Amino acid sequence: MAPSSSDAPSPLPIDLLVIPSAIVPIEPAGAVLPDHALAVDAGRIVAVLPVVDALARYAPRERRDLPQHVLLPGLVNAHTHAAMSLMRGLADDLALMDWLQNHIWPAEGSHVSRAFCLDGVRLSAAEFIRCGITCANDMYFFPDASAEGFADAGLRAVVSLIVLDFPSAWASGPDEYFAKGIALHDSLRGNPLVRTIFGPHAPYTVGDAALRKTRAYADELGIGIHMHVHETEFEVADAAQRTGKRPWERLKDLGLLGPDFIAVHMTQLTDPEIAEAAQYGVHVAHCPESNLKLASGFCPVQRLLDAGVNIAIGTDGAASNNDLDLFGEMKTAALLAKGVARDAQAFPSTRALHAATLGGARALGLDGEIGSLVPGKAADFIAVELSAPHLQPVYNLISHLVYAAGRGDVSDVWVAGRALMRDRRLLTVDEDAVVANARQWRTRIRPS
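Residues numbered from 1 in each chain as written. Predicted model: local features only at pLDDT ≥ 70, side-chain atom pairs only at ≥ 80, totals over all residues. Heavy atoms only, no water.

1. Structural notes on the overall build of the chain
- Helices and strands together make up the secondary structure of the chain, namely 15 helices and 17 strands.
- For a compact globule of 448 residues, the expected C-alpha radius of gyration is about 22 Å, and the chain comes in at 22 Å, within 12% of that figure.
- Across its three principal directions, the C-alpha atoms of the chain cover 85 × 45 × 45 Å.
- Taking all 448 residues of the chain together, 58% fall into the buried category.
- In the chain, 73% of the contacts between residues at least 6 apart in sequence involve partners at least 24 apart.
- Carbon and sulfur atoms provide 52% of the accessible area of the chain, an area that totals close to 17300 Å².
- Computed over 38 positive and 52 negative side-chain charges, the inter-centroid distance for the chain is 1 Å. (Helix = DSSP H or I, 4+ residues; strand = E, 2+ residues; numbered from the N terminus. Rg over C-alpha atoms; globule rule 2.2 N^0.38 Å. Buried < 20%, exposed > 50% of the residue type's maximum accessible area, 1.4 Å probe, protein only. Contact = heavy atoms within 4.5 Å. Areas by Shrake-Rupley, 256 points an atom, 1.4 Å probe, with all protein chains shown as cover. Lys, Arg positive; Asp, Glu negative; His and termini not counted. Charge placed at Lys NZ, Arg CZ, Asp CG, Glu CD.)

Right, dumping it as structure tokens:
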């Protein structure tokens, strides 16, 4: 006798079932899954499976049908200074040290406060969500304000525990930077969205003693290190002249390099340094548009990849970019790598998309949690609408996401299964309020 329909298992209740036209899970590499659904429960991915199976297996409390969309993991911004969105366009078309010493640092000295940082992070949070960025690796003063701003917006973040040799509005010197940073780290224990990383600014702003302490505390607390390294030719040449060592060699001798170290920019590299980056398991956060705008140099992305170095992508801050658009950054990174390598096959679209998702997650030690759409991981994902004329026709979906799609095509964003944007409407950030605050800060910083 054939089993009756009543013998069939009842559909399992889950929180959310999203049915797009296709899913790009990132793992396995290059995979595109048409006619698949994403099942989410309790903030995590339950399954990625054919639609027909999903409809039979699950009884979702919410179902989203997105027939003109593709789902992919939320983008990971591997290096940014979120609060600096309030300095967007303040000083443009200048070399790095001129930009820093004569414009940015004086403005920071006059205006940076906890309120400045919180308002700046809230402004950036709105932009991140609209750009499909669900996780940011942030480095700036008042990291406690950054943690608050990101958490309030429902975004995932890793905030840097700043280390500098000189005083700022946040701390008076290395001892206070460490004390405040460690206290913030302790206060965030168990936070589901916000974690910490040590952030010594750069070799030219942090001395040997503070760098040794950074490594010791990082090892003790089990967190990583995030630092600007070899950003410009001048930085490297000046260090070599003053100390007899290139900054990379100094960092190596001080024991900073390792699989928990994120080196940002890395535009000035020798072949032995690239080999050592791979040997030590260092991650590189590539910020192509900021490097181009400041004429800092070109990160040798393809040579790093060939050596086995993990590449992530960052926007840097809006003061030096001037946007926080990781879709644009992916495209620039892919195109620039081809020009630098003189090879049209360098840094193909699959690698660029990997760098903006799983590569960033891996750099932050979060690849077991985010960066790909795999059952068991956190449900951090975005929907990109494919119906616009500039996205037709579609031959290669991954190529389209890197070379043709833009931040305006992001329609929906989820972090840990929670919707942060639905049909292009922000749900967790008061957009009118953050824009109004930004205008007030513009008047304070540069009265007209």
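2. Re the pattern of salt bridges
- The full count for this structure, using the stated rule, is 31 salt bridges.
- Arg 64 is paired through a salt bridge with Asp 423; the nearest N and O atoms lie 3.4 Å apart. With Arg 64 in strand β5 (residues 58–73) and Asp 423 in the loop between β16 (418–422) and β17 (425–426), this pair connects stretches of sequence that are 359 residues apart.
- Residue class for Arg 64 comes out buried when judged on its relative accessible area of 6%.
- As a salt-bridge pair, Arg 215 and Asp 219 come within 2.8 Å of each other at their nearest N and O atoms. Note that Arg 215 and Asp 219 are positioned in helix α6 (residues 208–221) at a spacing of four residues, about one turn of the helix.
- Within the structure, one salt-bridge network assembled from shared partners comprises Arg 114, Arg 122, Asp 144, Glu 148 and Asp 152. (Salt bridge = Lys/Arg side-chain N within 4 Å of Asp/Glu carboxyl O.)

3. Brief notes about empty space enclosed by the protein
- Overall, the coordinates contain one cavity of 30 Å³ or more when judged by the stated rule.
- Looking at the largest cavity, its volume works out to about 40 Å³.
- Forming the walls of the largest cavity are Arg 156, Ala 157, Val 158, Pro 192, Leu 193, Arg 195, Leu 366 and Glu 369.
- If you tally residues by element for the lining of the largest cavity, the top one is strand β8 (residues 156–163), at three residues.
- Here the residues of the lining of the largest cavity sort into five nonpolar, no polar and three charged. (1 Å grid on protein atoms, 1.4 Å probe; cavity = no way out; pocket = protein on both sides within 12 Å on 5 of 7 lines; lining within 4 Å. Points joined across faces, edges and corners; volume = space filled by probe spheres on them. Nonpolar A, V, L, I, M, F, W, Y, C, P; charged D, E, K, R; others polar.)

4. Overview of the layout of surface pockets
- Taken as a whole, the largest pocket holds about 410 Å³ of empty space.
- In terms of lining, the largest pocket is formed by 30 residues, of which the most central are Leu 100, Trp 105, Glu 108, Phe 141 and His 201.
- Sorting elements by how many residues they give to the lining of the largest pocket places helix α2 (residues 96–111) first, with seven residues.
- Here the residues of the lining of the largest pocket sort into 18 nonpolar, nine polar and three charged.

5. Side note on the nonpolar core
- Ranked by size, the top nonpolar core spans 122 residues in total, and within it Met 87, Phe 116, Phe 198, Phe 261, Phe 347 and Val 384 carry the most contacts.
- Looking at which element gives the most residues to this core, the answer is helix α3 (residues 114–130), with nine residues.
- Setting aside its immediate chain neighbours within four residues, Phe 347 contacts Val 301, Gln 302, Leu 305, Ile 311, Ile 313, Ala 333, Ala 334, Ala 337, Lys 338, Ala 352, Ala 355 and Tyr 403.
- Residues Val 158, Ile 262, Ala 285 and Ala 378 belong to the second largest nonpolar core, which totals 16 residues. (Core = buried A, V, L, I, M, F, W, Y, C linked by side-chain atoms within 4.5 Å.)

6. Some thoughts on helix α13 (residues 349–363)
- Taking the largest bend as the criterion, α13 deviates by roughly 50°, centred on Ala 355.
- Buried residues of α13: Ser 349, Ala 352, Leu 353, Ala 355, Ala 356, Thr 357, Leu 358, Gly 359, Gly 360, Ala 361 and Ala 363, and no others.
- Just beyond α13, the residue with positive phi is Gly 365, at close to 70°. (Bend = angle between axes of the 7 residues up to and from the residue.)

7. Comments concerning α2
- Where α2 bends most, at Ile 104, the angle is about 35°, and the proline Pro 106 comes one to four residues later.
- Of all the residues in α2, the buried ones are Leu 96, Met 97, Trp 99, Leu 100, Ile 104, Ala 107, Glu 108 and His 111.
- Elements that come into contact with the buried residues of α2 comprise α3, α7 (233–243) and α15 (431–445).

8. What to know about the packing of helix α12 (residues 326–341) against α13
- Across the interface, α12 lies against α13 with an axial gap of 9 Å and an inter-helix angle of 140°. One way to sum up the angle between α12 and α13 is to call them oblique. Considering the relative orientation of α12 and α13, their crossing is right-handed. When α12 is examined against α13, the residues Leu 326, Met 330 and Ala 334 are found in contact with a partner set consisting of Ala 352, Leu 353 and Ala 356. (Axes fitted to C-alpha atoms, helices over the stretch in contact; angles between N-to-C directions. Parallel < 35°, antiparallel > 145°, perpendicular 65-115°, else oblique. Left-handed = near helix turned anticlockwise from the far one by under 90°.)

9. Thoughts on the pairing of strand β9 (residues 194–200)
- Buried residues dominate β9, accounting for six of its seven residues.
- In the sheet, β8 pairs with β9 via seven bridges, with the strands oriented parallel. Bridge pairing links Leu 161 to Phe 198 in β9.
- Following the backbone out of β8, through helix α5 (residues 174–187) and into the adjacent parallel β9, one traces a crossover that is right-handed. (Pairing = 2+ DSSP bridges. Right-handed = clockwise from strand over helix to strand, strands pointing away.)

10. Topic: unusual backbone geometry
- In this model, Glu 27 is joined to Pro 28 through a cis peptide bond whose omega is -5°.
- By the secondary structure assignment, Pro 28 is in the loop between β1 (12–23) and β2 (33–34).
- The step from Asn 321 to Asn 322 runs through a cis peptide bond, and the omega angle for that step is 25°.
- Looking at where Asn 322 falls in the secondary structure, it is placed in the loop between β13 (310–313) and α12.
- One non-glycine residue, Ile 26, adopts positive backbone phi at about 75°.
- By secondary structure assignment, the location of Ile 26 is in the loop between β1 and β2.

11. A look at a nonpolar patch on the surface
- Taken together, the side chains of Leu 292, Phe 298 and Val 340 make up a nonpolar region of the molecular surface, amounting to roughly 250 Å² of accessible area.
- Using a relative accessible area of 37% as the deciding quantity, one classes Val 340 as partly exposed. (Patch = residues over 30% accessible without salt bridge, like charges linked within 9 Å, V, L, I, M, F, W, Y side chains within 5 Å.)

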